[in-house]
Structure formats: structure tokens, C-alpha cells
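# Notes for the structure review
Given next are the chains, with one letter for each unit.
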Amino acid sequence: MNDMEITNDWIDRYNENELNEEEKAFFIKRMELNPLLRTEVLIDECLNRLYQDEGTMDLMKKIHMAQQKPDRRDGRFSYLLIAASLLYLIVLGVILKMVVIDQEDIVAKGQSHRDEPGNSPAAKIVSEVFQKNPAAVKNLRPQTWNENSHNLYLAMNYIPLPDYELLVGSVTRSARIELRSPIAILNIQQGIPVKFKWVYQDKKVPVNIVVYDNRGRRVFETLILLDDSYKLVTKYWPGGIYYWKIITDEEMICMGKIILF
Amino acid sequence: MILRYSDEVLINGLRQRKQRHIDYLYQEFTPVVRHFVKQNSGNQCDVDDLVQDAMIVLYKRILKQPFELKCSLKTFFISICKNLWLQRLDNKYRLLFQADFEVREPQEAYSFEEAEINEDNNVKRRLMYKNIQSLPVDCQHLLELHFLKVPYKEIAKLLKFADDLAVKARKYHCKGLLRKKIMNDPEYYQYFEYERYGNHKRLD
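As the structure is a computational prediction, the values presented were derived from the model and not from experiment.

Parameters and conventions
Residues numbered from 1 in each chain as written. Chains lettered and ligands numbered in written order. Predicted model: local features only at pLDDT ≥ 70, side-chain atom pairs only at ≥ 80, totals over all residues. Helix = DSSP H or I, 4+ residues; strand = E, 2+ residues; numbered from the N terminus. Buried ≥ 20, exposed ≤ 12 C-beta atoms within 10 Å, placed from the backbone. Contact = placed C-beta atoms within 7 Å. Pairing = 2+ DSSP bridges. Axes fitted to C-alpha atoms, helices over the stretch in contact; angles between N-to-C directions.

Within chain B one finds nine helices and zero strands. Beginning at the N terminus, the succession of helices and strands in chain B can be written as α-α-α-α-α-α-α-α-α. Burial status across chain B gives 26% buried among its 204 residues. Relative to all contacts within chain B whose residues are 6 or more apart in sequence, the contacts with residues 24 or more apart total 60%.

Dropping the structure here:
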């Protein structure tokens, strides 16, 4: 009996009374010891009840469809919405156009400076101001290509990694530890620490926390031997998506995501 | 031009879950609910959830025979919404002030006599449905067919699986995935944390 291993199908089979007596006794014993398993059984039971209530399921689907349909009675609102969207697109287009013109201007000015280096009186005044107070000038000038590419790089930090996205929220039914925090998907501001907290099920085991960035590169790793919590400092991390893994005895316990903004 | 339906027609339509009557009910009653919810510290998402829950409560009430309406259907529907909203505010208040879940008062004080007007049940149902919708499409079809009691061999033919064993394996996988999704839903922890460590008793 001790050789039995509970697999994913046991919960279904238990709720559908498909386990034999020996398996059932073993499963109930496991459930008494493992609150996570108990919770899964409870959820499965609720799901079965919902699915068996065909009328309610069908009605929910139809209400959902009704919610998707535009409100015909409120036609004026939808016209306003369309008008607002168009206006927004036009304004956005104008801003983009202005940015492009500014950048072309900078490139052109740079070339003309190279041709005639600071001959006019205006150019001399500008160069003096540049030398005396470079910070003020930096605030005045429009964005350059370098800054744009930096913003683009930052934006790329928020592209999710599909391979890891699939695993976010995965929890194994490990008997070793149970994670209490953080939640699977955590949105926090840069600099706010992330608190990892867990409970050992029987004896204390080393806990490994590994953090990856959205390109799958390992950015942080730590091994905790006795504590049951860890404060992850994100102060110097650039904004973006990070994935964390909790590992004990080379077995992944759970995986989650932190979005730093 | 929008057709107008009588209460009787709407009740029969809802009983038979006819899409046009559901659409009409939704479009006709939602503005009033929206106004009420927004006046009482709610937002558009709350309105959508509330209308859905109220419609299910109304449907379940209609199915019970005899269903006798002592006021207009709209008034009845709005009163269900108000009732549900008060329960929801009560729950929000408890979460906000970290009230002890162990000493939960019974919610009958705010509710109708019917057991189905129970906020916890509605939240659970909504949470489960939301996560079902986020499953891969093949999983959704498979589970639907399974609970419609279609034999595994038939499902294998319909969904182009190799055999019934493959269907079974996929079903276990889909159910597992759905359970995990529900457990990792932030709303789950918000509303059901107390159940997780409480004494779970099997219902049979």
C-alpha cells in the first residue's frame, strides 16, 4: 500500500467513485494529511456539480453572449465611443509625426554642425550654454534615437515568455513545503520587496528560490536552509516580467510571476 | 426597433433559455442595475457579475413550480440584484477589515428564503465558469461532452483522438489544469481561503 503514488487522475476517480476499496482508503488517509489535496478534491467536487447542472451552464454561456453584444438601446454612446477612438488615433498620429520630424531635424542639424562648426553668433551662445549647464540642456532637448531604443528595450522586458507562462501557477502536491505567499501573479512597483513565506509539512528542508527574467536568463538564486520566509529585494531590478521557482530536493514546488512596473 | 415582451413571455423564454429573451432581459434590466450599483460604490465589472448572478437566481426560481409573481418581473429582478449586492458589500466589508471567517454570521438576514440566493455559491460558480472559459478550447469541448455523458469512444471520434484511453488521459489532464487555475486565481484566495484550511467534509 505504501508503494502507491497519487497521480492526477485519482481526484477525478475518487469523486466519480472509480477507486477500489484499497485505493480509496489510501486516498482518504492522504487527504487527511494533505490540505492541498483536500482543497483540490473539494474544487473537483464543485466543478462536477456545476458541469452536471447543464441548465445553469447553458444559461451562463448565453448571458455571456448577451454581455458581448453591443447595447442597441444606447446607440448614442457607441457613436461617441467611435468618435472618441477616431480622435484619439488622429492625435496619436500627429504626435508620432511630430516626433519623427523632430528626430529628422536633429539628424539634419547634427550634419550642418559638422559642415560649419560654430561659426554663427547664435551657435556660439548655444555652445556656451551647453558647456555651462549641460543638465538643463538635456531637459530641453527632444528624445533622441538612443532614448527611444532604451524605451523599446524596457518595453521588451514586459513580453511574456511563452514557455514559462504555461508553468505559472503550477503547484506540485509536494509533502515537503506549502507556499503561503506570494500569489502566482504579483504586480508590484519597482523597489518593493517580495515576501516568500512557506510552511514545512514535517521536517525542515533546504529551499531554493530561483528568479528568471522574461528572456529565460537566471537573474537571482538563493538557498534557504532553516528559515520559513525570505524577502526578495527588487530595488535595483529594471521593470519587467520575472518568473520565480521554488525548488526543494531538485523538485519544483511551484512557479509564479512578478511584474515590476 | 426593439420588440417589447410581456413578463409571461420573458419568464417562459428564460425557462427555456432562449437567447433572444436573455438578450432582452439583459438589455432592459441592466441600466437600472448599473445605476444602483454605481450609486453604491460599484463598477461596471460588478454590474456584469451581478446581472449574471441575478439572472441565474431568477432562472432557478422560475424552474421551481409554482412560480407566482406578485410584482413586475423588473421589480423582482431588481430586488434580487439589491439583495445580492448587499451580501457582496457585506463580504467586502469583512475582507477589508480582516473579519474572522470563523465567526461568520449567517447571511439569511439579508436574503430571500431560497437557498440559491447565496453570495458564496454565486462567487464560486462565477469563479469556476471564468476559469472554464480560460481553458484550451479542446479541453472545454471534451469536458462538456464528458458531462453530457457522451461515451469516451464517441468523444474520441468527434474530437479526433486515437482511442478512448487518450480521451480519458486528456480529460484527467484538463480537469487537473482547471483545478490548478482555480486554486491560483486571486479571487479564490480572496473568498475561499477559510475553506482551504477548514475542515472539509465530503458531501456524500
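This part is about the overall build of chain A. When you go through chain A residue by residue, the secondary structure sums to nine helices and eight strands. Here chain A holds 261 residues, and 15% of them are scored as buried. Of the contacts made within chain A by residues no fewer than 6 positions apart, 61% connect residues no fewer than 24 positions apart.

What follows covers the interface of chain B and chain A. Each partner contributes to the interface: chain B provides 36 residues, whereas chain A provides 35 residues. If you tally residues by element for the side of chain B that touches chain A, the top one is helix α8 (residues 164-184) of chain B, at eleven residues.

Turning to the sheet that holds strand β1 (residues 177-181) of chain A, a few remarks are in order. Residue and element names in this part refer to chain A. Taken together, three strands build an open sheet; the order of strands is β1-β3-β6 and the sheet is antiparallel. The sheet terminates laterally at β1 and β6 (229-232), the two strands that pair on one side only. Ignoring which end each strand starts from, the neighbouring axes of this sheet average 25 degrees apart. Direction of pairing for β1 relative to strand β3 (residues 194-200): antiparallel, over a ladder of four bridges. Residue L179 lies in a different strand from β3, and its bridge partner there is W198.

Residues and elements named next belong to chain A. The strand order β2-β8-β7-β4-β5 describes an open sheet built from five strands, whose pairing is mixed. Looking at strand neighbours, the two that pair on one side only are β2 (185-188) and β5 (218-224), the edges of this open sheet. If you compare each strand with its neighbour and ignore which way they point, the axes differ by 20 degrees on average. Bridging between strand β7 (residues 240-248) and strand β8 (residues 251-260) involves nine bridges; their strand directions are antiparallel. From the neighbouring strand, K245 faces β8, where its bridge partner is M255.

We now examine the environment of L260(A). Residue and element names in this part refer to chain A. Mapped onto the elements of the fold, L260 is located in strand β8. Classification of L260 as buried rests on a count of 20 C-beta atoms within 10 Å. As a C-alpha pair, L260 and G191 span 69 residues in sequence and 8.5 Å in three-dimensional space. Aside from chain neighbours lying at most four places away, what touches L260 is I188, Q190, T234, W237, G239, G240 and Y242.

Time to look at the pairing of β8(A). Here is the key point about a regular strand: its side chains alternate between the two faces of the sheet. Residue and element names in this part refer to chain A. Taken across its ten residues, β8 has seven buried, putting it largely inside the fold. Summarising the sheet, β2 and β8 pair through four bridges and their orientation is parallel. When the sheet's bridge partners are listed, I185 is paired in β8 with K257. Where β7 folds back on β8, the antiparallel hairpin that results is connected by two residues, among which D249 adopts a positive phi of roughly 45 degrees.

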